[in-house]
Structure formats: structure tokens, C-alpha cells
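Spelled out from the first residue to the last, the chains are:
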Amino acid sequence: MVILNHRSRRIAGVAVIGVIFALMLGCTPSHFQSTFDARGPVADSQLFVFNVIFWVGAVVFVAVEGAIIYAVIKFRRRPGDGDPVQIHGHNRLEIAWTIVPAIILAFTAVPTIQGIFFMANSPVPPERGGLEVDAIGHQWWFEFRYSNPNDPNQQVVFANELHMPLGEPLNIRLRSVDVIHSFWIPKLGGKVDMVPNNDNSMWLQGDFEGEFYGQCAEFCGVSHANMRFKVIVESRENFNAWLLAQAMPAPEPVDVLAIQGKELFRKAGCQGCHATNSIMNLADGGRRLPGRVGPNLSHVASRLDLVGLLPNREEGVLTVNDAMIQQNLKTWLTDPDDVKPGNIMGRQAKVYTDPDSRLEESEVDALVAYLMTLK
Ligand SMILES: [Cu+2]
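None of these values were measured; they are calculated from a predicted model. (Residues numbered from 1 in each chain as written. Predicted model: local features only at pLDDT ≥ 70, side-chain atom pairs only at ≥ 80, totals over all residues.)

1. Thoughts on the overall build of the protein chain
Rules: Numbering of helices and strands starts at the N terminus; helices are DSSP runs of H or I of at least 4 residues and strands are runs of E of at least 2. Each radius of gyration is computed over the set of C-alpha atoms, and the globule rule expresses the reference value as 2.2 Å times the number of residues to the power 0.38. In this scheme every C-beta is placed from the backbone, and a residue whose C-beta has 20 or more other C-beta atoms within 10 Å is buried, one with 12 or fewer is exposed, and one in between is partly exposed.
Secondary structure assignment for the protein chain yields ten helices and 13 strands. For the protein chain, the C-alpha radius of gyration of 27 Å lies well beyond 21 Å, the compact-globule estimate for 375 residues. Principal-axis analysis of the C-alpha atoms gives the protein chain an extent of 95 × 55 × 35 Å. Evaluated residue by residue, the protein chain yields a buried proportion of 29% over its 375 residues.

2. Notes on unusual backbone geometry
Note the cis peptide between Gln-139 and Trp-140, where omega equals 0 degrees. Here Asn-160, not a glycine, exhibits a phi torsion of approximately 60 degrees, which is positive. Within the element layout of this structure, Asn-160 appears in the loop between strand 3 (151-159) and strand 4 (161-165). Under the C-beta neighbour-count criterion, Asn-160 is labelled buried, with 23 such atoms within 10 Å. At Asn-197, a position not held by glycine, the phi torsion is positive, near 60 degrees. Mapped onto the elements of the fold, Asn-197 is located in the loop between strand 7 (189-194) and strand 8 (200-204).

3. Concerning the sheet that holds strand 4
Applied cut-off: In this analysis, strands are considered paired if DSSP registers two or more bridges between them. Axis lines are fitted through C-alpha atoms, for helices just across the contact stretch, and the angle between N-to-C directions can take any value from 0 to 180 degrees.
If you trace the five strands from one edge of the open sheet to the other, you get 4-10-9-6-7, paired in mixed fashion. Only two strands of the sheet have a single neighbouring strand rather than two, namely strand 4 and strand 7. Adjacent strand axes in the sheet meet at a mean angle of 20 degrees, parallel and antiparallel pairs treated alike. As judged from the five bridges shared by strand 4 and strand 10 (residues 228-234), these two strands associate in the parallel manner.

4. Some points on the nonpolar core
Convention followed: Buried Ala, Val, Leu, Ile, Met, Phe, Trp, Tyr and Cys residues whose C-beta atoms connect them within 7 Å together make up a nonpolar core.
Residues Ala-135, Ile-172 and Leu-371 are the most contacted members of the largest nonpolar core, which totals 54 residues. If one sorts the elements of this core by residue count, helix 10 (residues 361-371) sits on top with six residues.

5. A word on helix 2 (residues 41-74)
Residues separated by three or four positions in an α-helix point in the same direction, a consequence of the helix having 3.6 residues per turn. Quick reminder of the rule: Multiplying one less than the number of residues by 1.5 Å gives the expected span of a helix. Once C-beta atoms are placed from the backbone, any two residues with those atoms within 7 Å are in contact.
The end-to-end C-alpha distance of helix 2 is 49 Å, a good match for the 50 Å that 34 residues give at a rise of 1.5 Å each. Among the residues making up helix 2, those that are buried are Pro-41, Val-42, Ala-43 and Gln-46. The secondary structure elements touched by the buried residues of helix 2 are helix 3 (91-120), strand 7 and strand 8.

6. Structural notes on the sheet that holds strand 3
Pairing in this open sheet of six strands is mixed, and the strands run 8-5-1-2-3-11 from one edge to the other. Each edge of the sheet is formed by a strand with only one pairing partner; in this case those strands are strand 8 and strand 11 (279-281). Taken pair by pair, the neighbouring strands of this sheet meet at an average axis angle of 30 degrees, ignoring direction. On top of the sheet, helix 4 (residues 236-247) reaches strand 2 (141-148), strand 3 and strand 11; it is set at about 90 degrees to strand 3, its chief contact.

7. Let's talk about the packing of helix 2 against helix 3
What counts, and what does not: Geometric relationships in this document are graded by angle, where less than 35 degrees denotes roughly parallel, more than 145 denotes roughly antiparallel, 65 to 115 denotes roughly perpendicular, and other angles denote oblique. Throughout, the ten residues Ala, Val, Leu, Ile, Met, Phe, Trp, Tyr, Cys and Pro are labelled nonpolar, Asp, Glu, Lys and Arg are labelled charged, and all others, Gly among them, are labelled polar.
Axis separation between helix 2 and helix 3 bottoms out at 9 Å; the angle between their running directions is 170 degrees. By the angle between their axes, helix 2 is roughly antiparallel relative to helix 3. Touching Val-42, Ser-45, Gln-46, Phe-48, Val-49, Val-52, Ile-53, Val-56 and Val-60 of helix 2 are Ile-104, Thr-108, Pro-111, Thr-112, Gly-115, Phe-118 and Met-119, all from helix 3. Here the contact of helix 2 with helix 3 is built from residues that sort into eleven nonpolar, five polar and no charged.

8. Brief notes about the confidence of the model for the protein chain
Our working definition: Scored from 0 to 100, pLDDT reflects the predictor's confidence in each residue.
Taken as a whole, the protein chain shows an average pLDDT of 92; of its residues, 97% reach a score of 70 or greater. Mean pLDDT values over the elements of the protein chain span from 87, in helix 1 (residues 6-25), up to 97, in strand 4.

9. Considerations on the pairing of strand 1 (residues 131-138)
Among the eight residues that make up strand 1, six are buried, leaving the element largely enclosed by the rest of the structure. For strand 1 and strand 5 (residues 170-176), the ladder comprises seven bridges, and the chain directions are parallel. Counted as the bridge partner of Ala-135 is Leu-174 from strand 5. As paired elements, strand 1 and strand 2 share six bridges and run antiparallel to each other. Residue pairing in the sheet places His-138 in a bridge with Trp-141 of strand 2. In this antiparallel pair of consecutive strands, strand 1 and strand 2, the connection spans two residues.

10. A few points about the pairing of strand 2
The buried fraction of strand 2 amounts to seven of the eight residues, a majority that puts the element mostly inside the structure. Inspection of the sheet shows strand 2 paired to strand 3 by six bridges, in the antiparallel sense. From the neighbouring strand, Asn-148 faces strand 3, where its bridge partner is Asp-151. Hairpin connection from strand 2 to strand 3: two residues lie between these consecutive antiparallel strands.

See below:
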């Protein structure tokens, strides 16, 4: 047996308290990915179930551990003790410890089952005119599509940033084009898997305006931890204005450098993976069409964060700063693998895989000038 001296015992004590403290800090509601700061009915319902199970579990833990500690101390072997009485079984005790857990489980099942039904049934499903979005997981970014307000046979495609109207249920159809991802907005709810060829659905509602963090919650490869998106909960008017802006075609570039960039965008093969038209006909379905390997770029210069990671604005501000997005586009195009290790663009685009096709700095500048026009 290792016998700790006084000093190492003290160090061990401080370490244990430090770990407990660090674990408790993990529960702070002020963290942007904290589930303890529920901001909508689905998150509220999930938090309620968590709290019920946590506190019931805490009572059981204290009771069971207390009984063990009591027994260990009370019935410990003392000097001169002989063998204890040998017994086998205890009917009353065994029945009690079967029935009591059954009652506890039945008790916690009530809010759990209520919660499951609450989360499974949108208060305003699409059949009754509820707003619906397609959310599609890609290694390592999120694609979204709303019905086009100008034409119900079309969808407006956008990426990495989901807008939703305040206080309205949003019905979400979850898909994946490659591996299993999981859709999660900690403060609004979720963690429902996006399974290839097997659509799932869920609903969410934001009851507070502002910006929320989304995160893939199912390990999906090298850059899983970098698979993030932002959610903007805003008034109906702002939402409508935003959606109409997303549905508009991007303006034609007029600046010489931007025109060169547009030409280069085609020549360098960017077009093979990126669409620059945000409108998609529903007849095209959800398959991996040309121009859908990467995010739709038709309004990339209005994105709050590039690739869901690099902020294009000052902290906490919801308007894009042109100088910042310009810099981020340059950083991304210069070395995408450095920003998001393993991403498909860095791994597969010819300009990064073929040393002879590498982009010159002047070419990057032209591409950035063009991308900046895609507002
Ligand atoms: Cu993922």
C-alpha cells in the first residue's frame, strides 16, 4: 500500500478540489454552448428532464454511498473478531431493492415520455403552414435550404448560418450527404442525428433574439470539432428581409480585379464544387449535385463567420466588417487546410493538390475581390 506523507496528501487534496471546481465551472450557464441556459421550449423541456433525473440520481447516490460507508465503518473487522456469521439471501431486502428502483424509474419515466412526445410533435408542423428548413450535414459544414418566398417550387440555399424568426416553431428536416452528423444548438435544443439516406426531423423555437452557437455532436471525421454554425433568432420582419436578400442573385462584379476573379473562379475549378446561384429547383432533389460539394457562395460576403469558424465581425456584433472578411477569405484561399484541417476543399481542389496549379498571391487577391461582391 502506498502511504502518502503529509505534504503529498495536501497536494492531492488541492488537486481533487481543483478538479471538482473545474467540473462545476463546466456547468456555467454563461458559456455560449451551455445547455443550462435554455432559450426556447425544446431546450427547456430537455433541461427539465435533465434536472429531474439529475436530482433523483443525486438522492440515490447519496443514499447508496451513505449506506455503504455506514456499513464499512460500523461492521469493520476489529482485532480479535472471528469469522462473521455466514448468511445467504434476504428476501425482504431483495424485494425492497427491486421495488424501490422500479418506482423511481416509473417516476422519472413520466417527464421523460412527456418530453419525448413534446419534442417529437411540432406545435405548427409544415402541413399546417409551419416554417420548414432542410438542414444537410456535410463533412465539415452545414447546408440549409428554405422554401423560396417568391416561388414554392424552389428553395433558397445557404450555409453555416441559420436564421429563424423569433417565437415561431421551426420544423427541421435533417439529412446528410456523407457520414452521420448530429444537429445541436445547445441553448435551443437538438442533438438529433443527420443520417445519410434516412431523414430525421425535429423542431426548435428561439424565444430570445440574438446569436446562438450550433455544433455537430456526432464524431464525423478529422474536423468534426470545427463543424460549427451560427443561429440568428430575429424578428419576423428581419427574417423576411434576410430571406429575400438570400433569394436575390448576387450583383455582377464591375471592378476590374473582381471581373478577373470571376473568370478565375471558373477556370480554377471553383465552380465544380460551389454554386453562385442561391436558387435550387425542388425537382433537383437532395442529391450531391455539381456545385453542391462546397457551400453555396452566392452571398458568402454576408456571412457572419467564414466556414463557421473565422469571425467576419467584431465580437458580439451582427454586421459584417469588410476588412475582416477580406482578410479571412485570403487566409482561407491561401491555405484552407490550416484553417480547417482535412477539409474537402484543401484535400480535393486542384489548386491545392496539384503543385502546377497553385494559386499565385495575385490570383488569390482577384478571387477575394470577386467573392467580396457576393453579398
Ligand atoms: Cu459532423
